[in-house]
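# A look at the structure
Residue-level listing of the chains:
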Amino acid sequence: MRLYQGLLCLYPRRFREEYGADMVLLFTEQLRDGPAPRVWLRTAVDLTITAPTCHLETHMHRPPTSFVPLAIGTVSVAGLLFALVGGSSPGMVGLGLAVAAIAGAVAVTAWRQNRTVAAAPPTGEHWWRFLATGVAVLVALTVVTTITGELDSWSWMLAMVVLLSGLISIAAGFVLGVVHLAGHHGPRAAG
Amino acid sequence: MKRPGKPLPSASLHIVLALLDGELHGYALMARVAELSDGAVRMGPGTLYGTLNRLVDDGLIEETTDRVTRDDNERRRYYQLTTDGRAVAVDELVRLQGLVHRIAAHLPGGATA
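The rules we used
Residues numbered from 1 in each chain as written. Chains lettered and ligands numbered in written order. Predicted model: local features only at pLDDT ≥ 70, side-chain atom pairs only at ≥ 80, totals over all residues. Helix = DSSP H or I, 4+ residues; strand = E, 2+ residues; numbered from the N terminus. Contact = placed C-beta atoms within 7 Å. Axes fitted to C-alpha atoms, helices over the stretch in contact; angles between N-to-C directions. Parallel < 35°, antiparallel > 145°, perpendicular 65-115°, else oblique. Nonpolar A, V, L, I, M, F, W, Y, C, P; charged D, E, K, R; others polar. pLDDT = per-residue confidence, 0-100. Pairing = 2+ DSSP bridges.

The helix and strand inventory of chain B stands at four helices and three strands. In chain B, the succession of helices and strands from N to C terminus is α-β-α-α-β-β-α. Pairs at least 24 residues apart make up 53% of the contacts formed inside chain B by residues separated by at least 6 positions.

This part takes up the packing of helix H1 (residues 10–18) of chain B against helix H2 (residues 26–36) of chain B. Residue and element names in this part refer to chain B. Two elements in contact, H1 and H2, have axes separated by 9 Å at closest approach and are oriented at 100°. The orientation of H1 relative to H2 falls into the category roughly perpendicular. Along its contact with H1, which presents His14, Ile15, Leu17 and Ala18, the element H2 presents Leu29, Arg32, Val33 and Leu36.

Let us look at the interface of chain B and chain A. Taken together, the contact pairs 22 residues of chain B with 24 residues of chain A. For the side of chain B that touches chain A, the secondary-structure elements that each account for two or more residues are H1, H2, helix H3 (45–57) and helix H4 (83–106) of chain B. Here the side of chain B that touches chain A gets seven residues from one element, more than from any other, and that element is H3 of chain B. For the side of chain B that touches chain A, the per-class residue count stands at twelve nonpolar, seven polar and three charged.

Here we come to the confidence of the model for chain A. Residues and elements named next belong to chain A. Taken residue by residue, chain A gives an average pLDDT of 79. The fraction at 70 or more is 83%. Across chain A, element-level confidence peaks in helix H2 (residues 13–33) with a mean pLDDT of 92 and bottoms out in helix H6 (residues 122–125) with 59. This model gives residues 186–191 a pLDDT under 50, and the stretch forms one contact once residues within four places in sequence are excluded.

On to unusual backbone geometry, then. Within the chain, Asp38 of chain B stands out as a residue other than glycine whose phi angle is a positive 60°. Tracing the backbone through its elements, the reader meets Asp38 of chain B in the loop between H2 and H3.

Glancing now at the confidence of the model for chain B. All names here are of chain B. Across chain B, pLDDT averages 84, with 81% of residues at or above 70. Of all the helices and strands in chain B, H4 carries the lowest mean pLDDT, 89, while strand E3 (residues 78–81) carries the highest, 94. For this predicted complex, the interface score ipTM comes out at 0.82, while the overall pTM is 0.64.

Residue and element names in this part refer to chain B. Read from one edge to the other, the open sheet built from three strands follows the order E1-E3-E2, with strand pairing classed as antiparallel. Among the strands making up the open sheet, the edge pair consists of strand E1 (24–25) and strand E2 (61–63). Pairing between E2 and E3: three bridges, direction antiparallel. When the bridges of E3 are listed, Glu62 appears paired with Gln80.

Right, dumping it as structure tokens:
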């Protein structure tokens, strides 16, 4: 319980002062009524999503609902990039992949919480465009770098930015596609 | 005040629908949402109170102030729909019912939901 009380410092002060005691009470009751590991896991995901959102809301009146999922999705892509490009040992690759997987799962959860019921997010319907654009960018980059041969430092930096953009687009398309298709093929309510 | 015609996000929608029955405190509200969604929506403390905070700001719900003394824990804060909040909740219900009817009408064989 003290751990959770300590974690509440991740929320903005005003929010903490207003709702902190209620949140601790709620968490206590959840622990009382459910298995502790599951409650802690759910609360950790909840905290990862809502703490940044609360901070954003202290600076912006009402940030776009897609902002936090996309921000966490970017962390997932960064983890993937780290594993692919910067991983010099199996441990580092594993760390990058773990960050990518965890952040990806949290991003999908955040997206599902923020979407409107029965109205697919407009970008969700166009997930394949993100995917196709990303692939097209990577193919174009491969062709260009093959033709031009060795790159100088500025060209190399530009190529890395383009590569990153392509990978982010592919990742966004993948996440949006999973969310979109999950909406179509998810479990249906009984009755 | 919520812009007319714009659907509520999932968490807000479930909370206003749960409050249609009357005032609830945080834990009861969370349990009611889980019950209404058949266990599909389980809110953590951050989601619940973050959403309540936004709904209070939007004037859709309010903290109950004229509540009579109860036997349960008085530290709890209870929330209820405002007049605007109830109207929005009913609008959302109508929107969802319309959606279900339209989809059911287009299902093969004219199946109903």
